[in-house]
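So you can see what is in the structure, the chains are spelled out below.
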Amino acid sequence: MDFGEVVRRRRMVRRFGPDPVAPEVVDRLLAHAVRAPSAGFTQGWSFLVLEDAADRDRFWTAATPASSTRDMSAWLDGMRTAPLLVVALASRDAYVGRYAEPDKGWTDRDEARWPVPYWHVDAGMASLLMLQTAVDEGLGACFFGIAGGQVGAFREAFGVPSEWAPTGVVAVGHPVPGGAAGSPARRRRKAMDDVVHRGAW
């Protein structure tokens, strides 16, 4: 598929058919993810791949809050149909350690040197490559986060070491209609003139 078409077609899909994602496609998703840029070529990411129904059920049990101020039932009903979940995790320690190496030289490992947490930025870029690869493969995908109050339960359920923090989850599958409508159904896309500032603000 033409790259411009991949970009135009990319949207968050929230309901999936029952067919699994082919193993070779899962491999391509991950192979493309690790081609994302990373500060200092740290590559401080890890990916937890959940394909078995029991593993996905364990994820949803751990990641779903007992209560919410919003009614998330329609969203959850759709998202639980995804046959593949890939949790993108990032390591702060990998980045502060990398930038304490001789060619970088921030030996104090002070996180304040980082204007933004690039460990999560890089994991987000890797996630976007998975989203785009899904489109190129004729699949649908959705990126979402794990609620802060559920991160501990998620870690415990899957034995995730404390060094690794989840940036988000990419759900992938064969798209079907009827998923919960996202924000684009309620909001217009901003005009280019509203977001692009050339030369000065």
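Use the structure listed above.
*Asks:* Honestly, the overall build of the protein in this entry has me stumped. Any pointers?
*Replies:* Along the backbone of the protein there are eight helices and four strands. In sequence order, the protein lays out its α and β elements as α-α-β-α-α-β-α-α-β-α-β-α. Computed over its C-alpha atoms, the radius of gyration of the protein comes to 18 Å, within 12% of the 17 Å expected for a compact globule of 201 residues. For the protein, the spread of C-alpha atoms along the three principal axes comes to 50 × 45 × 40 Å.

*Asks:* Before we go on, may I ask you to explain a nonpolar patch on the surface in this structure?
*Replies:* Taken together, M192, V195 and V196 make up a surface patch of nonpolar side chains, about 260 Å² in accessible area. Here V195 shows up in helix α8 (residues 192–195). Residue classification places V195 among the partly exposed residues on the basis of a relative accessible area of 43%.

*Asks:* Got a minute to help me understand the packing of helix α3 (residues 53–63) against helix α7 (residues 151–158) in this structure?
*Replies:* Packed helices, taken two at a time, are described by the angle their axes make and the gap between the axes. Two elements in contact, α3 and α7, have axes separated by 8 Å at closest approach and are oriented at 155 degrees. For the element pair α3 / α7, the angle class is roughly antiparallel. Considering only the axes of α3 and α7, their crossing is right-handed. Contact residues: α3 offers D55, R58, F59 and A62, while α7 offers A153, F154, A157 and F158. For the contact of α3 with α7, a count of residues per class yields six nonpolar, no polar and two charged.

*Asks:* What's the story with helix α6 (residues 118–136) in this structure? I'm lost.
*Replies:* Along an α-helix, residues three or four apart share an orientation, since each turn contains 3.6 residues. Its 19 residues give α6 an end-to-end C-alpha distance of 27 Å, which sits within 8% of 27 Å, the value for a rise of 1.5 Å per residue. Along α6, the positions that sit buried rather than exposed are W119, D122, A123, A126, S127, M130, L131, Q132, T133, A134 and V135. Looking at the residues trailing α6, positive phi occurs at G138, about 80 degrees.

*Asks:* Where do I start with α3 in this structure?
*Replies:* Where α3 is concerned, the buried positions are R56, F59, W60, A62 and A63. Projection of α3 onto a plane perpendicular to its axis shows the buried side chains occupying an angular sector of 165 degrees, all on one side. Residues of α3 that are exposed and point more than 90 degrees away from the buried face comprise A54 and T61. Considering only its buried residues, α3 is in contact with β1 (45–50), α4 (73–79), β2 (84–91), β3 (140–144), α7 and β4 (164–173).

*Asks:* How do you make sense of the packing of aromatic side chains when you look at a structure like this?
*Replies:* The description of an aromatic ring pair rests on the distance of the ring centres and on the angle between the ring planes. In total, this model carries 15 aromatic pairs according to the counting rule given. Seen from their ring centres, Y99 and W106 are 5.4 Å apart, and the 40 degrees between their planes marks the pair as tilted. Its relative accessible area of 13% is what places Y99 among the buried residues. Owing to a relative accessible area of 27%, W106 belongs among the partly exposed residues under this scheme. Ring centres of Y99 and W114 lie 4.8 Å apart, and the angle between their planes is 80 degrees; this geometry places the pair in the edge-to-face category. In this pair, Y99 sits in the loop between α5 (92–98) and α6 while W114 sits in the loop between α5 and α6, placing the two residues 15 residues apart along the sequence. Each member of the aromatic cluster is reached from another via a ring pair, and the members are F59, W60, W75, F144, F154 and F158.

*Asks:* So what exactly am I meant to see when it comes to the environment of S183 here?
*Replies:* For S183, the position within the fold is in the loop between β4 and α8. Along the sequence, S183 and W164 sit 19 residues apart, while their C-alpha atoms lie 30 Å from each other.

*Asks:* Is there a simple way to think about the layout of surface pockets in this case?
*Replies:* The gaps left among the atoms become clear once a water-sized probe is rolled over them. Within this model, the second largest pocket holds a volume of roughly 290 Å³. A63, T64, P65, M72 and W75 are the residues nearest the centre of the second largest pocket, which is lined by 16 residues in total. When residues of the lining of the second largest pocket are traced back to their parent elements, those giving at least two are α3 and α4. Taken together, the residues of the lining of the second largest pocket break down into 11 nonpolar, five polar and no charged.

Rules used throughout
- Residues numbered from 1 in each chain as written.
- Predicted model: local features only at pLDDT ≥ 70, side-chain atom pairs only at ≥ 80, totals over all residues.
- Heavy atoms only, no water.
- Helix = DSSP H or I, 4+ residues; strand = E, 2+ residues; numbered from the N terminus.
- Rg over C-alpha atoms; globule rule 2.2 N^0.38 Å.
- Patch = residues over 30% accessible without salt bridge, like charges linked within 9 Å, V, L, I, M, F, W, Y side chains within 5 Å.
- Areas by Shrake-Rupley, 256 points an atom, 1.4 Å probe, with all protein chains shown as cover.
- Salt bridge = Lys/Arg side-chain N within 4 Å of Asp/Glu carboxyl O.
- Buried < 20%, exposed > 50% of the residue type's maximum accessible area, 1.4 Å probe, protein only.
- Axes fitted to C-alpha atoms, helices over the stretch in contact; angles between N-to-C directions.
- Parallel < 35°, antiparallel > 145°, perpendicular 65-115°, else oblique.
- Left-handed = near helix turned anticlockwise from the far one by under 90°.
- Contact = heavy atoms within 4.5 Å.
- Nonpolar A, V, L, I, M, F, W, Y, C, P; charged D, E, K, R; others polar.
- Expected span 1.5 Å × (residues − 1).
- Arc of directions from axis to C-beta.
- Phe/Tyr/Trp six-rings, centres within 6.5 Å; stacked < 30°, edge-to-face > 60°.
- 1 Å grid on protein atoms, 1.4 Å probe; cavity = no way out; pocket = protein on both sides within 12 Å on 5 of 7 lines; lining within 4 Å.
- Points joined across faces, edges and corners; volume = space filled by probe spheres on them.

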